[in-house]
Amino acid sequence: MNRPVTEIVCSDDPAILETPMLKLYYSPGACAMASHIALEEAGADYEAVKIDLKKGEQKTPEYLAINPAGVTPALVTDEGVLTDNLVIMGYVAQTHPEAKLADTDSAFRFGQMQAFNAFLGSSLHPAIGRALFSKPPLEGEAKDQALENALVKYRLVEDHLFKGPWAMGEAYTVADGYLSVFSRWGRQAGFLDTGRFPKLNAHLDRVQQRDAVKRVLEQEGIEAV
Ligand SMILES: N[C@@H](CCC(=O)N[C@@H](CS)C(=O)NCC(=O)O)C(=O)O
């Protein structure tokens, strides 16, 4: 339930004065898409604010006041700001239990999901990020080595961590949106071939067919891959 930016100059209509409780700062197609998908899947009342990483908007004083680390995502809540996809997705799942985006009844199973998300955030993301988005871009042997390292992480997910049909088993969770972001990058870069990564490819197709994900793609102005 993404609502456009609301800037009210003068109105006493309570419906217009109502502002979303949550504000997500995201960059199209970047890792923040995981938090964006979680909010949309939850049916949360939120506003999405685009940060253009290429223009350096994540380093402006205005954005650094929200997230001093100068990265997206950041989620402004009525209690303060939360950063990091792992944390934001956990918060969305816990504050919208009716959406069943995580097993919030079991601390252990919630922890299992967060362990999966932690692997994506602290191991897969830096590895694929280094291979694809280093500045200046990696070349030659350094690029091959970085890609090889990233493929080891994708392989670990494909062969061991991914339960199927969804990341954590029978039920869709926020981990699925998160995984789909990195599978998307891998497919776009042309190395996540179906023969070597059948589960990750089938999973990405399944995630992209979800209505909430289609809405996020449209809001971010990007296409399914
Ligand atoms: N672990 C963090 C990583 C955040 C992150 O690195 N975001 C990237 C986009 S994928 C970013 O905003 N980079 C901008 C920059 O480094 O200047 C998370 O999951 O939220």
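Relevant structure appears above.
Thresholds applied
- Residues numbered from 1 in each chain as written.
- Predicted model: local features only at pLDDT ≥ 70, side-chain atom pairs only at ≥ 80, totals over all residues.
- Heavy atoms only, no water.
- Phe/Tyr/Trp six-rings, centres within 6.5 Å; stacked < 30°, edge-to-face > 60°.
- Helix = DSSP H or I, 4+ residues; strand = E, 2+ residues; numbered from the N terminus.
- Buried < 20%, exposed > 50% of the residue type's maximum accessible area, 1.4 Å probe, protein only.
- Lys NZ or Arg CZ within 6 Å of the ring centre and 35° of its normal.
- 1 Å grid on protein atoms, 1.4 Å probe; cavity = no way out; pocket = protein on both sides within 12 Å on 5 of 7 lines; lining within 4 Å.
- Points joined across faces, edges and corners; volume = space filled by probe spheres on them.
- Nonpolar A, V, L, I, M, F, W, Y, C, P; charged D, E, K, R; others polar.
- Domains from an automatic or database assignment.

### Some details on the packing of aromatic side chains
With the rule as written, the count across this model stands at seven aromatic pairs. Ring geometry for F133 versus W185: centroids 5.1 Å apart, planes at 90 degrees, classification edge-to-face. Within this pair, whereas F133 is found in helix α5 (residues 107–133), its partner W185 is found in helix α7 (residues 174–189), the two being separated by 52 residues in sequence. Classification of F133 by relative accessible area gives partly exposed; the value is 47%. Assessed through its relative accessible area of 7%, W185 is described here as buried. Centre to centre, the rings of Y178 and F182 are 5.3 Å apart; their planes meet at 55 degrees, and the pair counts as tilted. With Y178 and F182 both in helix α7 and four residues apart, the pair spans about one turn of that helix. Each of the two residues, Y178 as well as F182, counts as buried. What links up through ring pairs into an aromatic cluster is the set F133, Y178, F182 and W185. The residue whose ring lies beneath R210 is W166, and the NZ or CZ to ring-centre distance is 5.3 Å.

### Structural notes on empty space enclosed by the protein
One pass over the structure, following the stated rule, counts two cavities of 30 Å³ or more. There is about 40 Å³ of room inside the largest cavity. Surrounding the largest cavity, M33, I37, S180, V181, R184, L204, Q208, V213 and L217 form its lining. Residue assignment for the lining of the largest cavity shows that the elements contributing at least two residues are α2 (33–42), α7, α8 (198–208) and α9 (211–220). The class makeup of the residues in the lining of the largest cavity is six nonpolar, two polar and one charged. Taken together, domain 1 (2–99 + 213–220) and domain 2 (107–210) each give at least three residues to the lining of the largest cavity, which thus spans both. Approximately 30 Å³ is the volume found for the second largest cavity. Lining the second largest cavity are A34, I37, A38, E41, M89, L101, Y172, V174 and G177. Looking at the lining of the second largest cavity element by element, the count peaks at four residues for α2. Of the residues belonging to the lining of the second largest cavity, the class tally is seven nonpolar, one polar and one charged. Both domain 1 (2–99 + 213–220) and domain 2 (107–210) contribute no fewer than three residues apiece to the lining of the second largest cavity.

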